[in-house]
Amino acid sequence: MSAPNDPYDPKEVAALSTDELAAAQRAALAAFEAATDLDQLAAAHSAHLGNKAPVALARRELGALPPQARADAGRRVNEVLTALTASYEAARTGLEAARDERVLIEEAVDVTLPWDMTPPGGRHPLTLVQERTSDVFVAMGWEVAEGPEVEAEWLNFDALNIPRSHSAREAQDTLWLDPPDGGVLLRTHTSPVQLRALLARGAPCYVVVPGRVYRQEALDATHSPVFHQLEGLAVDEGLTMADLRGTLDLFAESMFGAGVRTRLRPDHYPFTEPSADVDLLCWVCHGSSTEPGAEFCRTCRSEGWIEWGGSGMVHPVVLQSAGVDPDRYTGYAFGIGMERTLMSRHDLADIRDLVEGDVRVTTALGREA
Ligand SMILES: [Zn+2]
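Draft legend 1. Quick peek at the nonpolar core. Within the largest apolar cluster, 39 residues are counted, with the highest numbers of intra-cluster contacts made by Phe137, Phe251, Trp308, Tyr332 and Phe334. Among the elements of the structure, α5 (125–138), β5 (226–236), α8 (241–256), β7 (272–281), β8 (305–314), β9 (330–337), α10 (338–346) and α12 (359–368) are those that each provide at least two residues to this core. Counting residues per element, this core draws most heavily on α8, at six residues.

Put into structure tokens, the structure is as follows:
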């Protein structure tokens, strides 16, 4: 039933009647309240506040009213519109908050969930220790040099003052490429890079050479046919054994901690004169396990020192091979086994742990290499 909307208007405008407006308002409020998500609310908005909604139609009817009736009807329509808009906004705010809360829960990352992914790969500890050792020397202004693993016999042996009769050249030690008398081999040490560096750079020259070398050996607990060396070479005017010692001590401290120094024992190598073996003060007991009554040290077997590598003053013949004047320049060189360094650091007894690719070993060592 609709009542006359205005005493001055003979025409009844149904859309503007109080009852119709109240009904439209109830329907709209019910629809906004019933919406359980933002899509449903948008549909309700279009139906009850859109262009074709009853309230919109009522509003359009206002223009047809005589001025006296328009103000009153307009006020009523506006009241309904205001109420509906407020109700819609309240519903929207509530649903948006609910959606945000749901997204936070559904898309949250639970860091306490069990971890079942394949662990990411890591670099091999030998690679890491080579980089670390190289860094020590780069920090002193040295350069990192590289050379080929397939090498000329002349650079691997002759130019390094290793005579033809030397046992190292024999087939049981060296891997020769076909034909066996072709003068090409897999380098047995990183020392040929000394010559390559000197030939390329001339003197003065400060290079460190990390690299892979090859020997004719079967793989067992202490031998591998492929292993890694770190070679160092310094050639300049006035260098002496004292410079060699200082460099080795600094290197040892950088790798094994403060107070770990080196000692030199006389030996013989064809490419250095004089030559010396390099021992490392045990970085676990610092030599104290040699005292009477002291506890046994596994790392150095209570000897206080650990064999580390070889060293010496570069032989004048080697300098001459590289076109460097031995009357003006002197140099020192040293070579350290990387596997031995790593095995010492981690108390490994078997070199095969480093080459067989067991990720548990390499990951554990890689973390602290
Ligand atoms: Zn010790």
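Draft legend 2. Representation of the coordination of the zinc ion within the structure. On the protein side, the zinc ion has Cys282 (SG), Cys285 (SG), Cys297 (SG) and Cys300 (SG) as donor atoms, found 2.2 to 2.3 Å from it. Here the zinc ion binds four donor atoms, and the angle range of 105 to 115° at the metal identifies the geometry as tetrahedral. Sequence spacing of the donor residues for the zinc ion, all on one chain, is C-x2-C-x11-C-x2-C. Neither residue differs from the other here; Cys282 and Cys285 are each classed as buried.

Draft legend 3. Fine view of the pairing of β9. Counting buried positions over the eight residues of β9 gives six, a clear majority of the element. Looking at chain direction, β5 and β9 are connected through eight bridges and run antiparallel. Bridging across to β9, Leu233 finds its partner in Ala333. With five bridges joining them, β8 and β9 adopt antiparallel strand pairing.

Cut-offs applied
Residues numbered from 1 in each chain as written. Predicted model: local features only at pLDDT ≥ 70, side-chain atom pairs only at ≥ 80, totals over all residues. Heavy atoms only, no water. Core = buried A, V, L, I, M, F, W, Y, C linked by side-chain atoms within 4.5 Å. Buried < 20%, exposed > 50% of the residue type's maximum accessible area, 1.4 Å probe, protein only. Helix = DSSP H or I, 4+ residues; strand = E, 2+ residues; numbered from the N terminus. Donors = N, O, S within 2.8 Å, 3.2 Å for Na, K, Ca; no water. Tetrahedral: all angles 85-135°; square planar, octahedral: opposite > 155°, others 65-115°. Pairing = 2+ DSSP bridges.

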